[in-house]
Amino acid sequence: AIDGLPDTSSVFADEGSAAHELGEICLTTGAAASEWVGKPLIEWSAWTVTAEMADYVQQYVDYVKSLGGEQDYEIRCDFSEWVPAGFGTSDAITYVADTKTLHVVDLKYGQGVKVYADNNTQAILYALGVYDAMTLSHEIERVVITIVQPRLDHIDEWEIGVDDLLSWGE
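Per chain, the residues get numbers from 1 upward, laid out in the order the sequence is written. Two thresholds apply to this predicted model, a pLDDT of at least 70 for residue-level local features and 80 or more for giving and counting side-chain atom pairs, whereas whole-chain, interface and lining totals are computed over all residues. Water and hydrogen atoms play no part in the side-chain values, which are based on all heavy atoms of the structure.

(A) Layout of the pattern of salt bridges. Salt bridge criterion: a side-chain nitrogen from Lys or Arg within 4 Å of a carboxyl oxygen from Asp or Glu. Summed over all chains, the structure comprises five salt bridges. With a shortest N-O distance of 3.4 Å, lysine 100 and glutamate 139 are connected by a salt bridge. Residue lysine 100 is found in the loop between strand E2 (87-96) and strand E3 (101-107), and its partner glutamate 139 is found in the loop between helix H3 (121-134) and strand E4 (142-149); the two are separated by 39 residues along the sequence. Here's how the labels work: a residue is buried when its accessible area is under 20% of the maximum for its type, exposed when over 50%, partly exposed in between, all with a 1.4 Å probe on protein chains only. Given a relative accessible area of 25%, lysine 100 falls into the partly exposed group. When its relative accessible area of 49% is taken as the criterion, glutamate 139 is described as partly exposed. Note that glutamate 141 and lysine 100 form a salt bridge whose closest N and O atoms lie 3.7 Å from each other. Taken together, the positions of glutamate 141 in the loop between H3 and E4 and lysine 100 in the loop between E2 and E3 put the pair 41 residues apart, joining distant regions of the chain. Residue glutamate 141 is classed as partly exposed on the basis of its relative accessible area of 46%. Several salt bridges share partner residues, and in doing so they unite Lys100, Glu139 and Glu141 into one network. Helix numbering and strand numbering both begin at the N terminus, where a helix is a DSSP run of H or I of at least 4 residues and a strand a DSSP run of E of at least 2.

Shown next, in the form of structure tokens:
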């Protein structure tokens, strides 16, 4: 704590982690977030899901499901080819074969500052890592990066061609 103020940043971080876990559970199992209201989460058993959290997380889940295609969640992204020892976890990735599009979706549960997809360094690095891992098995021509901030009623998408993505990485 600084000057007697409580250390709340860890509370917000834990709440965000709980929201991400709930999103992953719902996307993986097909359950509605509302089914978890009043229940503790598996990894974050200190958190009991509230109706408010369920409503916000459901907005993220619905968005990801609406993309269709081949989906995966909470995927480790290795972007060490561009940043030494660089890696992170992408909240959701979707590959839509018809349009040869890779979607990289990031859930931001905070309610402080709006985060935008356009030239978002973290999201671009995740996109580079996912692209690198998938390029041999999937024909990818475009990448759409999306930031979903349900507590700010904010969904922001930004599209970048693969050539531009790779140029950015250089």
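(B) View of the pairing of E2. Counted residue by residue, E2 has eight buried out of 10 residues, so it is predominantly covered. DSSP-based pairing: two strands are paired if at least 2 bridges between them are found. Pairing geometry for strand E1 (residues 70-78) and E2, over eight bridges, is antiparallel. The partner of glutamine 71 across the bridge, within E2, is threonine 94. Where E2 and E3 come together, five bridges link them in antiparallel fashion. Across the sheet, the residue bridging to alanine 92 is valine 105, located in E3. The antiparallel hairpin formed by E2 and E3 contains four residues in its connecting segment, where lysine 100 sits at a positive phi of about 55°.

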